[in-house]
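Okay, here's what each chain looks like letter by letter:
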Amino acid sequence: MAPALIISVLLATALTPAPSDQDRLEACLSAIQDDAEDAYEDALTWRHQGGGWPAEHCVSLALIALGQEAPGALRLREAAMGADMASDLSRAIMLGQSGDAFLVAEQYEQALISFTAALDFAPHDSELLSGLARTHLALEEFAAAEDAASRALSRNDASPSLWRLRAEARLALQSYDQALSDIEAARALSPDDIDILVLRGRIVDARRTG
């Protein structure tokens, strides 16, 4: 997930910093999309003024937006784990953002740590389970990827990306009929998605030759 999308999802979700910090947090996160460097400096000032975990959240996301995905992801995870006054939802969001950034940085073991921690706070969240499935795929842990994608689909079976994730895991496991069924479900939801069509071709070829 790109940093801008991470931020937009966050703003649409109910976080629970102290009421006095809510407006400042939203303004800081919005500023990242306009000028990440200025937002980073402002967030540092806020943190030094005692802004706590909301300020550290914004510092971390600004670093990610500036292309420092791994350092930002690590700071974000540490902020989430230390944010005892934050809600479970807030901490799950921060940890999920950390996992996404580690995936971008191709630090898959670190991503696994972040997504696993996030699911401790929101065990049924389909987006977090999707992130976990993507991480297991990147680590070539295909059975675990299939399991995480299946759990995500049990919460949200209208997501073509989830069907595609499980199809990819099942292809790697040589479960060709199941993979084909999944990719057809994905194609029904998003018939023009190039990634889905390409994966379908790979599955058909593997099924024919396997």
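A brief structural summary. These numbers were taken from a predicted model, which means no experiment stands behind them.

### Some points on the packing of helix H7 (residues 108-121) against helix H8 (residues 126-138)
For the pair H7 and H8, interaxial distance at closest approach is 9 Å and the crossing angle is 155 degrees. Taken together, the axis directions place H7 and H8 in an arrangement best described as roughly antiparallel. Of the two possible hands of crossing, H7 and H8 adopt the one that is left-handed. Listed contacts from H8 to Tyr108, Ala111, Leu112, Phe115, Thr116, Ala118 and Leu119 of H7 are Leu128, Leu129, Gly131, Leu132, Arg134, Thr135, His136 and Ala138. When its residues are assigned to classes, the contact of H7 with H8 shows 10 nonpolar, four polar and one charged.

### Comments concerning the layout of surface pockets
Of the pockets and cavities examined, the second largest pocket occupies roughly 210 Å³. Taken together, 12 residues make up the lining of the second largest pocket; nearest its centre are Ser130, Arg134, Ser161, Arg164 and Leu165. For the lining of the second largest pocket, the elements supplying multiple residues, two or more each, are H8 and helix H10 (160-172). Class assignment of the residues belonging to the lining of the second largest pocket gives a composition of four nonpolar, four polar and four charged.

Rules of the game
Residues numbered from 1 in each chain as written. Predicted model: local features only at pLDDT ≥ 70, side-chain atom pairs only at ≥ 80, totals over all residues. Heavy atoms only, no water. Axes fitted to C-alpha atoms, helices over the stretch in contact; angles between N-to-C directions. Helix = DSSP H or I, 4+ residues; strand = E, 2+ residues; numbered from the N terminus. Parallel < 35°, antiparallel > 145°, perpendicular 65-115°, else oblique. Left-handed = near helix turned anticlockwise from the far one by under 90°. Contact = heavy atoms within 4.5 Å. Nonpolar A, V, L, I, M, F, W, Y, C, P; charged D, E, K, R; others polar. 1 Å grid on protein atoms, 1.4 Å probe; cavity = no way out; pocket = protein on both sides within 12 Å on 5 of 7 lines; lining within 4 Å. Points joined across faces, edges and corners; volume = space filled by probe spheres on them.

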